[in-house]
Every structure is written in structure tokens, then in C-alpha cells.
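# Summary of structural features
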Amino acid sequence: MSKRQERLPVEVDPFRLAEARRLLQGDIPLAQMKRLLPLLASDTGTVRVSLEFGIDSMDVVHLVGNIQADLALICQRCLEPMAWPLQLDLALAFIHPDEDEAGIPGPYEPYVVETLPIRLTDMIEDEIILALPSIPRHEMTECSASQWIQDEATAAKESAEGEKQTDNPFSVLAEMNTPNKGK
């Protein structure tokens, strides 16, 4: 018997999957995530997904799992590709639009299900986009733009020191002792 990986479904009903306590595992190609692609330097690779649906003791329909991927983002300092490993743990509570999100217990983030079924790839893509850094950057020691940033910082520091040494044209006014004309 081979260990053939089961394909992930395109659309799911999270409420039915939770009742059946289903476990979904598989890979999703990055090329299928159209909203994520403009944020990446490369569309090669896959997203590894492990999702466990269930209902907890408080009758919360939930999903617990993780997402793993090796993404290539664009560094906003040097505009070069940078490796960004994604390790994301999920804990989502599925609710209908008329339910109150405030009633969701602590470990879960609410996920409002407006229509059924939902596209699994869209849900995973949403979570990845939310986890991305708002301004991706290499570490300063790894960034090719670090030499220019350090040169600019040195120049700014020297400029500030030069300004301190020059006379302030308004210093004369501070030295003047003018009587208060209002009294």
C-alpha cells in the first residue's frame, strides 16, 4: 500500500467537516493563490496544510491546524528577493453572519462564513496574507542596501553636528532683554 497524499478539496463546508471531525492534509501550489502572487518574488513552491476540523466542549465549530511554506518576498530596502519561511498555527471558529463574534472563546479567531461552501484555497490564502510582514526586509547584515543606509546615517550625523556648530540667527533675539510692553 502506497502513501499517496490525498488531494485537498476545492470547496468545503466547515460545519459538516467539524461534525465529521475531519483532518485535511495536503499541498497547495503557490501559483493558485492569485491575491498572494503580487506580494511574492516567485510563484514556485507549495503551501503545506494540515487542518483538523471539530466541535469543542463549548459547541464551537472550529479548525485547528498549521500552514507551512517557504516564501520569497521582496525586501523593501534593496528590492531583492528574500527567503521568508512561514510557520503559521491556526485556530479559527466558524460562525454565521448573524452570530456575535464577541462570544467566541479566547484561543479562536472568528471566521464569518457568509456562503457555503467556502473555497479552501481562499481561506488559506487569507491567513497567509494576514501573516505577512507589512514591510518585508532582510536583516541589516544580509541586505545589499545596508551600505547606503549606513552611509546616509553617517552623513546625517555629520550634518547634524555641523548645524550645531553654526550660529543660530535667532540667538541674538534670545539675548535681547526687551521690556514687556503690555504692562
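Residue numbers run consecutively from 1 along every chain, following the written order of its sequence. This being a predicted model, a pLDDT of at least 70 is required before a residue's local features are given, and a value of 80 or more before pairs of side-chain atoms are given or counted; all residues contribute to the totals for chains, interfaces and linings. Side-chain numbers come from the whole structure's heavy atoms, not from hydrogens or water.

### Overview of the nonpolar core
Applicable threshold: Throughout, nonpolar core names a set of buried Ala, Val, Leu, Ile, Met, Phe, Trp, Tyr and Cys residues whose side chains join them through atoms within 4.5 Å. Working definition: with a 1.4 Å probe on protein chains only, accessible area under 20% of the residue-type maximum means buried, over 50% means exposed, and in between means partly exposed. Counting from the N terminus, the helices are the DSSP runs of H or I reaching at least four residues and the strands are the DSSP runs of E reaching at least two. By definition in these notes, contact holds between two residues if any of their heavy atoms fall within 4.5 Å.
Core analysis: the biggest nonpolar cluster contains 39 residues, and Val47, Phe94, Met123, Ile124 and Ile128 have the highest contact counts within it. At the level of elements, α1 (14-19), β2 (23-29), β3 (46-55), β4 (61-74), β5 (81-95) and α2 (120-131) are the ones that each hand at least two residues to this core. Ignoring any residue separated from it by four or fewer positions in sequence, one finds Ile128 in contact with Met33, Leu36, Val47, Ile67, Leu71, Leu86 and Leu88. Among the nonpolar cores identified, the runner-up in size contains five residues, and Val60, Ala93, Ile95 and Tyr108 belong to it.

### A short note on the pattern of salt bridges
Going by this rule: A pairing counts as a salt bridge when a side-chain nitrogen of Lys or Arg comes within 4 Å of a carboxyl oxygen of Asp or Glu.
If you walk through the whole model with that rule in mind, you get four salt bridges. Between Arg35 and Asp126 there is a salt bridge, with its nearest N and O atoms 2.7 Å apart. Remark: Asp126 occurs in helix α2 and Arg35 occurs in the loop between β2 and β3; sequence separation between them is 91 residues. For Asp126, a relative accessible area of 25% corresponds to the partly exposed category. Between Arg119 and Asp122 there is a salt bridge; the shortest N-O distance is 3.5 Å. What makes Asp122 partly exposed here is its relative accessible area of 30%. One network of salt bridges, in which partners are shared, links Arg35, Glu125 and Asp126.

### Some points on the environment of Ile67
Secondary-structure assignment places Ile67 in strand β4. Expressed as a C-alpha distance, the spacing of Ile67 and Leu51, which sit 16 residues apart in the sequence, is 8.4 Å.

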